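Topology and contacts: notes
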Amino acid sequence: QENDEIQQWFDAASLSRNTRNETFGAYAGSNVIVIQVEAFMNFMIGQKINGEEITPNFNKLMKDSLYFSNFYHQTGQGRTSDADFSAQSSLHPLPTGSVFVRYPDHKFDVMPQILKSSGYKTEAFHAYEGSFWNRFNMYKAMGYDNFYTKKDFKIDEPLGWSLGDKSFFRQSLDFMTKTSEQQPFYSFMITLTSHHPYSLPAKVQSLDVGEFKGSIFGNYLESIHYVDEALGELIEDMKRDGLWDNTILVLYGDHDNSVTDKGDYEKFLGKSLTELDMAQIMNQVPLLVHVPKDELTGIEEQPSGQLDLAPSILHLLGISTEPFSMMGNNLFAGHEQEHLVVQRSGAFSNDKLYYIPSDDQLFQNGTCYDLGTREPVDVQKCRVAYDEANKRLNISDKVITYDLLATKSGNP
Ligand code: GP9
């Protein structure tokens, strides 16, 4: 009975997601490179410090891409591994622990597996220990043909936890194109240089962060500026290798940084910040989608999140997600359907409202914000969306914990 209700929920989600409009299959057969950037947050996109842009290459690429300005990370305790899981499976991470560590042997409908069945070469790249977050086991189960870890890279630019992102991108691109020339490919890259504690050696610092110099906030901005330089080099290398016009490039942040002092953000943005401002600052990460020949451009303001990545990328490739148990929205399905984006904390946003749960998790003690006025409103205004948000988190937890997709009808 309960499983039937869960199936009905997925069937309804699939109906609203699977729109056959002009973007469906518009990039069928393209390569796909997805870059998950460590602690890459939205608040500094387009911002300057001492007259210098923090992310000049990202800002430049934005002009030729679709940029989602209200994109939320949906991670929990599993941090980077949660972002990865949600992006690939379109399910929520767990309330405690990491799915990668707890349930690597359970069945999920994940992008590498789906693209592999459509003839793609599927590879993951991360220049760190392959066992971290149990990636080695999980990636095998997710259907990656290859997983390039620290031991596969030449550590010719030692930085932070491991290899600097510039060399990481350069070597990963070589693996993609030279180790095997098979196309189309799906490549998933996870960066590392902007990981806590963010401090870079002086010779790598190239952003004048002024009054923030020597603080953790200043170090964070410097490390993000470095990652942006690495992105600029990657774009040039992709153009050189003839990949720019036959590859969908997707780039998003995995989660927030560890700088939680409101004063730093107020000083940086030059204004005082409300509870709602801070919630959005800490929970929004950038999403940028670049398609061949710069055909999709602009700023998309509808709320979106990491669970939306798999259905949206598959839509562009013309692969129907009807058979799959995915929870996210299709970002290319148009604006008729209202998007609800649910975070693991129980916070959620739709076009009009943002709900912040209280510590005791009682609905009535949370705060319901009107995104138009940015003021709190009667919490009951958030009731319907709250019930739906909780339903989704519950369904996702059951699918993961009880391995429901392994026994779903139609699955082997
Ligand atoms: C390490 C990296 C860090 O492999 O992914 O993960 P995090 O600490 O951000 O979850």
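One can find the structure itself at the top, above this paragraph.
Residues numbered from 1 in each chain as written. Predicted model: local features only at pLDDT ≥ 70, side-chain atom pairs only at ≥ 80, totals over all residues. Heavy atoms only, no water.

All right, on to the overall build of the chain then. When helices and strands are tallied, the chain shows 12 helices and 19 strands. For 412 residues, the compact-globule estimate of 2.2 N^0.38 gives 22 Å, and the C-alpha radius of gyration of the chain, at 20 Å, lies within 12% of that figure. If one aligns the C-alpha atoms of the chain with their principal axes, the spans along those axes are about 60 × 50 × 40 Å. Counting over 412 residues, the chain shows a buried share of 61%. By sequence separation, contacts in the chain at least 24 residues apart represent 71% of the contacts at least 6 residues apart. (Helix = DSSP H or I, 4+ residues; strand = E, 2+ residues; numbered from the N terminus. Rg over C-alpha atoms; globule rule 2.2 N^0.38 Å. Buried < 20%, exposed > 50% of the residue type's maximum accessible area, 1.4 Å probe, protein only. Contact = heavy atoms within 4.5 Å.)

A separate point is unusual backbone geometry. For the bond from Gln183 to Pro184, the omega torsion is 0 degrees, close enough to zero to count as cis. In this structure, Tyr198 is a non-glycine residue whose phi angle is positive, near 70 degrees. Looking at the element boundaries, Tyr198 is found in the loop between strand 10 (185-190) and helix 8 (216-240). Positive phi values are uncommon outside glycine, yet Gln361 reaches one of about 65 degrees. Inspection of the secondary structure assignment puts Gln361 in the loop between strand 17 (353-356) and strand 18 (367-370). Residue Gln361 is classed as partly exposed on the basis of its relative accessible area of 46%.

For the rest of this paragraph, the subject is the sheet that holds strand 18. A sheet is described by the order of its strands in space; here 5 strands give the open sequence 15-16-17-18-19, paired in antiparallel fashion. Two strands in the sheet have a free side with no partner beyond their single neighbour: strand 15 (341-342) and strand 19 (375-377). Judged from the 2 bridges that link them, strand 16 (residues 348-349) and strand 17 form a sheet pairing that is antiparallel. Bridge pairing in strand 17 links Ser349 to Tyr354. Strands in contact with helix 10 (residues 275-283) are strand 17 and strand 18; relative to strand 17, the strand with the most contacts, it is inclined by about 90 degrees. (Pairing = 2+ DSSP bridges. Axes fitted to C-alpha atoms, helices over the stretch in contact; angles between N-to-C directions.)

Another point: the site of the ligand. Taken together, the residues surrounding the ligand are Glu38, Arg79, Thr80, His126, Tyr128, Phe132, Trp133, Arg135, Trp161, Leu192, His195 and His255. For the ligand, an oxygen atom lies 3.1 Å from a polar atom in the side chain of Glu38. At 2.7 Å, a side-chain N or O of Arg135 approaches an oxygen atom of the ligand. In isolation the ligand has 310 Å² of accessible area, and contact with the protein removes 93% of it. Its residues placed into classes, the shell around the ligand shows 5 nonpolar, 4 polar and 3 charged. (Near = heavy atom within 4 Å. Polar contact = N/O pair within 3.5 Å; in protein donor to acceptor, adjacent residues only side chain to side chain. Areas by Shrake-Rupley, 256 points an atom, 1.4 Å probe, with all protein chains shown as cover. Nonpolar A, V, L, I, M, F, W, Y, C, P; charged D, E, K, R; others polar.)

The next subject is the pairing of strand 18. Of the pairings in the sheet, the one linking strand 17 to strand 18 comprises 4 bridges and is antiparallel in character. Bridge pairing in strand 18 places Tyr355 opposite Cys368. For strand 18 and strand 19, the ladder comprises 3 bridges, and the chain directions are antiparallel. Within strand 19, the position partnered with Cys368 by the bridge is Val377.

Time to look at the packing of helix 7 (residues 165-179) against helix 8. A pair of packed helices is captured by two measures, namely the crossing angle of their axes and the spacing between those axes. The N-to-C vectors of helix 7 and helix 8 enclose an angle of 25 degrees; their axes lie 8 Å apart at closest approach. The pairing of helix 7 with helix 8 is recorded here as roughly parallel in orientation. Handedness of the helix 7/helix 8 crossing: right-handed. Seen from helix 7, the contacting residues are Asp165, Lys166, Phe169, Arg170 and Leu173; seen from helix 8, they are Tyr226, Val227, Glu229, Ala230, Leu231, Glu233, Leu234, Asp237 and Met238. Here the contact of helix 7 with helix 8 is built from residues that sort into 8 nonpolar, no polar and 6 charged. (Parallel < 35°, antiparallel > 145°, perpendicular 65-115°, else oblique. Left-handed = near helix turned anticlockwise from the far one by under 90°.)

Turning to a negative patch on the surface, a few remarks are in order. A grouping of Asp64, Asp245, Asp294 and Glu295 is seen on the molecular surface, where their side chains present a negatively charged patch. Here Asp294 shows up in the loop between strand 12 (287-290) and strand 13 (298-300). (Patch = residues over 30% accessible without salt bridge, like charges linked within 9 Å, V, L, I, M, F, W, Y side chains within 5 Å. Salt bridge = Lys/Arg side-chain N within 4 Å of Asp/Glu carboxyl O. Lys, Arg positive; Asp, Glu negative; His and termini not counted. Charge placed at Lys NZ, Arg CZ, Asp CG, Glu CD.)

On to the pairing of strand 11 (residues 247-253). Among the 7 residues of strand 11, 7 are classified as buried, and the element is accordingly described as predominantly covered. Covered by surrounding structure in strand 11 are Thr247, Leu249, Leu251 and Gly253 together with Ile248, Val250 and Tyr252, the residues of both alternating faces. When strand 11 meets strand 12, the two strands line up antiparallel, connected through 4 bridges. Bridging across to strand 12, Leu251 finds its partner in Leu288.

From the geometry alone we can't say anything about function, so treat these as descriptive.
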